[in-house]
Amino acid sequence: MSDGGKFLNPYTFVPAFPRDGLPGELGDGSPLGRDPGKPGGGSGRDRLHSDRWTGRIGVTLTVETPLLLLDTARATPLSDDADGHRVYPVRLRNGRPNLPATSVKGMLRAAYEAITNSRFGIFDSHDTRLGFRRSADDALEMVPVRVQDEGVLLEYDVASLEMYDKESGRSIYPKQGQEAPRHLERLSALITGNAKKGAKVDRFVRSDSSEKLSPRPGERLVEGFAYVTGPTIEGKRYERFFYTERKGKGKQRALPLAHEWSTLVTDWTLLIQNYRDAHNDKELYGRPTADGRVADPGERIGDGPGQLAWSPQIHDREWMKLKPGMFCYARRNENREVDRLYPVLVPRDLYQVAPVDLLAASLAPAAHIDELSPADRVFGWVAPSGSGVRPAAYRGRLRIGPVTCDQGADQAVERFDGDGLPLAILSRPKPQQGRFYLAESRGKPDQPIEDGTSKEDLYRPGHGLRGRKVYWHHAGLDWRRHWSEGQGKVDPSQVRIGINYREYRRPRAAPDDNGGQDHDGKQRYETTSTEQRDTQNRSVKGWVRRGTTFRFGIEVRDLDEHELGALVWLLTLPQGHFHRLGLGRPLGFGSVRLAVNAEETELHSGAEYAAYYRDLSGVLPAGDGLKTLDRARETFADMVEGVPSLVAARDALLAVSCGNPELPVHYPRTQPKWWSGDASPPPDPRGRNYAWFTENERRGGKEIAAGRGHSLPSPTGSGAPLIAYPDKKDDDNNSQRRGGNERGTSRRGPIRPGSGRKEHGNG
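Residues numbered from 1 in each chain as written. Predicted model: local features only at pLDDT ≥ 70, side-chain atom pairs only at ≥ 80, totals over all residues. Heavy atoms only, no water.

Chemist: Is there a simple way to explain the packing of aromatic side chains in this structure?
Modeler: The geometry of an aromatic ring pair is captured by two quantities: the separation of the ring centres and the angle between the planes. Going through the model one piece at a time under the given rule, you end up with 33 aromatic pairs. Between the aromatic rings of Tyr227 and Phe242, the centroid separation amounts to 4.9 Å while the plane-to-plane angle is 40°, which identifies the pairing as tilted. Linking Tyr227 in strand β14 (residues 220-227) with Phe242 in strand β15 (residues 238-244), this pair joins segments that are 15 residues apart in sequence. Classification of Tyr227 as buried rests on a relative accessible area of 1%. We classify Phe242 as buried; its relative accessible area is 0%. Taken together, the ring pairs connect Phe7, Tyr11, Phe13, Phe436, Tyr437, Trp692, Phe693 and Tyr725 into an aromatic cluster. The lysine or arginine in question, Arg538, covers the ring of Tyr88, its NZ or CZ lying 4.9 Å from the ring centre. (Phe/Tyr/Trp six-rings, centres within 6.5 Å; stacked < 30°, edge-to-face > 60°. Helix = DSSP H or I, 4+ residues; strand = E, 2+ residues; numbered from the N terminus. Buried < 20%, exposed > 50% of the residue type's maximum accessible area, 1.4 Å probe, protein only. Lys NZ or Arg CZ within 6 Å of the ring centre and 35° of its normal.)

Chemist: Help me understand helix α12 (residues 644-658) in this model?
Modeler: It helps to recall that an α-helix has 3.6 residues per turn; residues three or four apart then point in one direction. Over its 15 residues, α12 extends 21 Å from the first C-alpha to the last, a length consistent with the 21 Å expected when each residue adds 1.5 Å. Burial of α12 is extensive: eleven of the 15 residues sit out of reach of the surface. Those residues of α12 not exposed but buried are Ser645, Leu646, Val647, Ala648, Ala649, Arg650, Ala652, Leu653, Leu654, Val656 and Ser657. On its buried side, α12 packs onto β2 (11-15), α1 (101-116), β27 (467-471), α9 (561-571) and α11 (625-641). Of the residues flanking the end of α12, it is Gly659, one or two places downstream, whose phi is positive at about 80°. (Expected span 1.5 Å × (residues − 1). Contact = heavy atoms within 4.5 Å.)

Chemist: Please clarify how unusual backbone geometry should be interpreted in this entry.
Modeler: Outside of glycine, negative phi angles account for most residues, and trans bonds account for most peptide bonds. Pro174 follows Tyr173 through a cis peptide bond whose omega is 0°. As for its placement among the helices and strands, Pro174 is situated in the loop between β11 (157-162) and β12 (186-192). With an omega dihedral of -5°, the bond running from Arg390 to Pro391 counts as a cis peptide bond. Tracing the chain through its elements places Pro391 in the loop between β19 (381-382) and β20 (393-394).

Chemist: Please explain the environment of Leu653 as it appears in this structure.
Modeler: Within the secondary structure, Leu653 sits in helix α12. With relative accessibility at 13%, the residue Leu653 sits in the buried group. The spacing of Leu653 and Val14 is 639 residues in sequence and 6.2 Å in space, taken between C-alpha atoms. The contact partners of Leu653, leaving out residues within four places of it in the chain, are Val14, Ala111, Ile115, Val470, Trp569 and Leu570.

Chemist: Got a minute to help me understand α11 in this structure?
Modeler: A rise of 1.5 Å per residue sets the reference length of α11, with its 17 residues, at 24 Å; its end C-alpha atoms lie 25 Å apart and thus fit the reference within 8%. The inward-facing, buried residues of α11 abut β3 (53-63), α1, α9, β32 (591-605) and α12. N-capping of α11 is provided by Asp624, with a side-chain oxygen placed 3.1 Å from the backbone N of Leu626. (Polar contact = N/O pair within 3.5 Å; in protein donor to acceptor, adjacent residues only side chain to side chain.)

Written as structure tokens, this is what we have:
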């Protein structure tokens, strides 16, 4: 099996260039007519300008791929009342699908921002440095240390302390009358081996015990501390024992620091907070046990995800503050100075800068009403939270709605019986995957970050953000077969239709956690008849069918030719191009086509309105709304042609809205070992999407391995599409994918592997 299976990631980016040098019509400014001399500056709404356009544009929206309109207020639990999983009906009003006008406006605003290279309307919660998982190879450079005092780190050695059964993963204690050692408990121990070749605790006693240990041949008596993080990984056998063999006062060496102690403390606090932010309270403190109680976060209650213990740095507040007496791991720079401290040997880490630090100032949300970009002036603006500026909002000059469906629910809605159809798991945004989100520089957002860039160098000064996230149209689908359940005898998710699978449907359950076997040599995963319904996904009772039409009006007020032209350009995309609307867009839902209704379109200039109000007859002159729209569209299109950054944004938006019928669209996944051929493999029923990202980060020594470290290709670039890497054995994957404190080989001794299928505490 070789690398193959080309595919498109469900999302990509329309490049967002710094706004410097844009034509004046697209530059920043206050709404036309605003008078700074008035209280609050005025709104600019007190008059219509003679050369601007006001009126109504009639629009028809046609559904190309099923539209998910879910009624969240009427969601119900499963018939067997399974905990957490919800079933959602279609949102209806007066017997017809109900599409909120706000959803349409949001869709159009996002596209308008992209095509005019406007400021981001929202860019919240991006001011914190993101975390990433370090490679197990980095453990070779880690040094076990104890915080002796503020600014004083003493170097220790580490030995493996057996705590869990190899097969069951359960504690081996009580053992020979001994209880399990507690975290940071002082022990006397007999060890074999050494720090370089791997030390192991043979026997131990509490330091306050009257029992004395007598070394046997090959054993050494040492003093130290137990470092216990709990059963946080499947197959885990060992905890750590921090010790020193240095005798005599002053023999233990204090390590030099690369930064002020306060900097190390701040970085530690941010890192621990990053660990915690990756999980919610229900995950940590709401796990029910078989006997009906609520499990302690540090307790193992079963096998697999959600059942293992959480690592203490995630739930124990004592780990939040770096203080004397704590043990941890230190990473040193090229000068052998301590640069960063970590709670585990293969840890998460923080990037050098936050996403907001890589965003050009000209693209940041407007801080004041006099800085509004075209999308702000047309669709509206709200000042950033806490800015305290006045005025703090602008209503904009565009209104949408109401939206009405032409068909009743009997014709427009595809319904599913019973507990409905279980949707695939939708991945959360992962901006920490910098290879997908970052560009080589702010000035070149259309150029992905260079393949093979080391992980820690992704979010660093000098790089930039790719732009605005958009979702590929799933082109080339056999829509009659693709959006059906098939014959029912075979798991629908495992049947390939052309080059595509039913990515929207969650596969049925695998026979077991190792259920990656080929089913009867038919090149699909073996699954059972059990549907997978849990807190990770949702089920739907129906969706809006392909071909359903909605109608709405867009009321515009005082738009100039360029502002109106950008809107018309979006309403009249070329044939075969679609906007994306609603939920489930990464899974192929929500491709819609917009078209202007000539009979419902009427526009007049400010000069015509002035004449109308001066004439007591009260009759607006008859006009050709379509000609006005065509002229405005042409004016905007001509302006775009002269600006390279706008051309790049336009071409990217067109490419994504058209799609590529030669490539399937799905989240990255690996090829199972039994897979043959160059096509993309079927969805894994175990949901192991992390395996692809682990393989993409595979190291060859200290560098990213050859043929790995791929960035997300540009939608219009010449770069190769992504490929489905061959799957690797679980123990091979674990060396990088889950971290914890169980894999790799430390400079101070080996980290003994277990079978290692799933780590539960360091995600």
